[in-house]
Amino acid sequence: MSRPATDRRSEILDAVVDAIIEVGFTDMTVADVASRAGVSTALVHYHFSSKDALIAAALRAASDEDKTFRNELADGEGTATERLVLVLTRSLPEPDDASWILWIETWGETRRSADIREVMADLNGHEHATIVALVEEGMRAGEFVVADPDGAATRLTALRDGLAIERTLFGTGQGTDELLEQVRAAIRYNLDLTPARFAELTQS
Amino acid sequence: MARLSPDERRRAIIEATLAVARRNGLGATTVRDVADEMGTSSGLVHHYFDSMDEVLAVAFEHAAGADLERARAVVAEAPTATEQLDAFIACYAPAQSDWTMQLWLDAWAEAARRPALRNVSQRLNRAWQELVRSIVADGVTAGEFATDDPDAAAWRLLSVLDGLALQVVAHEALIGRDEVVAWTRAAADRELLPSAPAATRAATRTRR
């Protein structure tokens, strides 16, 4: 029994991500992707017009997964502060984290490809907008007062990204617990919360 | 290219590699590209280097290491730890057109596949962290800063800077070098002057 076309398509896209992580954007070939996915090169060409189109589709699919996961965290239960902590800490990497390796690979390409730039701008914009919305929600709920929600969102994602790069590539710096604590502390500072008030808002 | 010493040859290969990497990216730079850039054969490159990984690692160290040396020199000139930290931040914060930052992004992207490049970027990263750690530790000794963990504080400051640089260079976010400098300084104040209330800290900073 042959599998539905949508399964085939997503298997091909998973194979693209594996290939990017293993051999990189430059050396990845359509034939390599086809053999990883266990399909013919012709079938890959049937679904995608070019290597660039294939890469863009794979990144878009990976980005959609990230966005869906983030939306679930942001729309979940709890105070806005609690959900901010979740959005920023559940995205922290393990060493050799495949998803982070993919995005680290992709950052290097953003200046060289308009399609990739668009996917990354969209993904980055989604995280920024999610965090700003949570900060504004927290302010409306009287959890905290922040002068510059936009700047706070940029600073918080910057710290998380910087820690994640170090952790993903070198596995050094600090362990998972320390990273968690650093991001939590940064949230506290950026929202101008005392440790006691922060604990109260994140106790559940 | 007649009569170059081995050192000069290696240097010429490095320069050619950086010229190609600037156009195509570090990961897409091949032995053939470098040879073409020099108007010579791939054999010459192979004669002076064991692998393309080694060529890329040495080229990256040459370009990114120069930034570190410059920062060390500027930091050494500053009289107080506070001014040393400001000097470091000014050196490290990228402009949007920053070519070295793009090299760093390329090196990170290639790190998983190229051990030599990974080792160089890890070593340089640690050297930057050590520079910040020593500034912070000196500041604590001099009574300018207060922290019980200069090592962790240095990692955090470097991480904020890396993440902000990423926003500027890769994401083309609507923040510029000035914001990167201002926000990193604010983060440093928060890290290193924990007992002073925010308003006092801001005032102290402006007066200085």
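The shown structure was predicted, so the numbers you read here are calculated from the model rather than taken from an experiment.

Chemist: Hey, could you go over the overall build of chain B for me, with residue numbers and the actual values?
Modeler: Along the backbone of chain B there are ten helices and zero strands. Secondary structure elements in chain B, listed N-terminal to C-terminal, are α-α-α-α-α-α-α-α-α-α. Burial status across chain B gives 44% buried among its 208 residues. Contacts in chain B between residues at least 24 apart in sequence constitute 63% of all its contacts with a sequence separation of at least 6.

Chemist: Quick one: what's the story with the overall build of chain A, residue by residue and with numbers?
Modeler: Helices and strands together make up the secondary structure of chain A, namely ten helices and zero strands. Each helix (α) and strand (β) of chain A, taken in turn from the N terminus, gives the series α-α-α-α-α-α-α-α-α-α. Across its three principal axes, chain A shows a C-alpha extent of roughly 60 × 35 × 35 Å. By residue count, 41% of the 204 residues in chain A fall in the buried class. The contacts in chain A between residues at least 6 apart in sequence include a share of 66% that link residues at least 24 apart.

Chemist: Help me get a handle on the interface of chain A and chain B, residues and values and all.
Modeler: Across the contact, 33 residues belong to chain A and 31 residues belong to chain B. Secondary structure elements with two or more residues in the side of chain A that touches chain B: α1 (5-27), α6 (98-109), α7 (114-140), α8 (149-170) and α9 (176-190) of chain A. By residue number, the principal contributor to the side of chain A that touches chain B is α8(A), which donates 14 residues. Among the residues forming the side of chain A that touches chain B, the class breakdown is 14 nonpolar, twelve polar and seven charged.

Chemist: Tell me what's going on with the domain arrangement of chain A, and back it up with residues and numbers.
Modeler: Residue and element names in this part refer to chain A. Partitioning chain A into domains gives domain 1 (1-48) and domain 2 (60-201). Using C-alpha coordinates to define each centre, domain 1 is positioned 30 Å away from domain 2. Between domain 1 and domain 2, the residue contacts involve six residues of the former and seven residues of the latter. A class-by-class count of the residues in the side of domain 1 that touches domain 2 yields five nonpolar, one polar and no charged.

Chemist: So, helix α4 (residues 51-74) of chain A: which residues are in play, and what are the values?
Modeler: Residue and element names in this part refer to chain A. An ideal rise of 1.5 Å per residue puts 34 Å on 24 residues; α4 measures up with 34 Å between its terminal C-alpha atoms. For α4, the complete set of buried residues consists of L54, I55, A58, L59, A62 and L73. Packing partners of the buried residues in α4 comprise α1, α2 (30-37), α3 (41-47), α5 (80-89), α6 and α7.

Chemist: So what's going on with the packing of helix α4 (residues 52-77) of chain B against helix α5 (residues 81-92) of chain B? Which residues, and what values?
Modeler: A pair of packed helices is captured by two measures, namely the crossing angle of their axes and the spacing between those axes. Residues and elements named next belong to chain B. The geometry of α4 relative to α5 is characterised by a closest axis approach of 8 Å and an angle of 155° between their N-to-C directions. Of the possible angle classes, the one that applies to α4 and α5 is roughly antiparallel. The chirality of how α4 crosses α5 is right-handed. Here R70, A71, V74 and V75 of α4 lie close against α5, whose contacting residues are Q84, A87, F88, C91 and Y92. The residue inventory of the contact of α4 with α5, partitioned by class, reads seven nonpolar, one polar and one charged.

Chemist: Let's hear about the confidence of the model for chain B: which residues, and what values?
Modeler: Residues and elements named next belong to chain B. For chain B, mean pLDDT is 87; residues scoring 70 or higher make up 89% of the total. No element of chain B has a lower mean pLDDT than helix α10 (residues 198-207), at 39, and none a higher one than helix α2 (residues 31-38), at 96. Below a pLDDT of 50 lies the segment residues 196-208, which in the model reaches four contacts outside its immediate sequence neighbourhood of four places, other chains included. Two summary scores accompany this predicted model of the complex, namely pTM at 0.87 and ipTM at 0.85.

Chemist: So what about helix α8 (residues 150-169) of chain B? Which residues, and what values?
Modeler: The terminal C-alpha atoms of α8(B), which comprises 20 residues, lie 28 Å apart, in line with the 28 Å expected from a rise of 1.5 Å per residue. Burial runs high along α8(B): 18 of the 20 residues are buried.

Chemist: So what's going on with the environment of A:G138? Residues and values would help.
Modeler: Residue and element names in this part refer to chain A. Tracing the backbone shows G138 in helix α7. Residues G138 and G171, spaced 33 residues apart in sequence, show a C-alpha to C-alpha distance of 34 Å. Here G138 is in contact with A80, T81, E143 and F144, once residues within four sequence places are set aside.

Chemist: Give a detailed account of the packing of helix α7 (residues 115-141) of chain B against α8(B), specifying residues and quantitative values.
Modeler: Residue and element names in this part refer to chain B. Interhelical geometry of α7 versus α8 gives an angle of 130° and a closest axis separation of 8 Å. Overall, the two elements α7 and α8 adopt an arrangement that is oblique. Between α7 and α8 the crossing geometry is right-handed. In this structure, α7 contributes W128, Q129, V132, R133, V136, A137 and V140 to the contact, and α8 contributes P150, D151, A153, A154, W155, L157 and L158.

Chemist: Which residues make up the environment of A:L169, and what values do they have?
Modeler: Topologically, A:L169 is positioned in helix α8. Excluding residues within four positions of it along the chain, A:L169 makes contact with A:I104, B:W108, B:A111 and B:R118.

Chemist: So what about unusual backbone geometry? Which residues, and what values?
Modeler: A positive phi angle, near 55°, is found at A:D192, a position not held by glycine. For A:D192, the position within the fold is in the loop between α9 and α10 (195-201).

Chemist: Outline the environment of B:A112, supporting the account with residue identities and numerical values.
Modeler: Counting through the fold element by element, B:A112 comes out in the loop between α6 (99-111) and α7. The contacts of B:A112, once residues within four sequence positions are left out, are A:I21 and A:I101.

Thresholds, definitions, all that
- Residues numbered from 1 in each chain as written.
- Chains lettered and ligands numbered in written order.
- Predicted model: local features only at pLDDT ≥ 70, side-chain atom pairs only at ≥ 80, totals over all residues.
- Helix = DSSP H or I, 4+ residues; strand = E, 2+ residues; numbered from the N terminus.
- Buried ≥ 20, exposed ≤ 12 C-beta atoms within 10 Å, placed from the backbone.
- Contact = placed C-beta atoms within 7 Å.
- Nonpolar A, V, L, I, M, F, W, Y, C, P; charged D, E, K, R; others polar.
- Domains from an automatic or database assignment.
- Expected span 1.5 Å × (residues − 1).
- Axes fitted to C-alpha atoms, helices over the stretch in contact; angles between N-to-C directions.
- Parallel < 35°, antiparallel > 145°, perpendicular 65-115°, else oblique.
- Left-handed = near helix turned anticlockwise from the far one by under 90°.
- pLDDT = per-residue confidence, 0-100.

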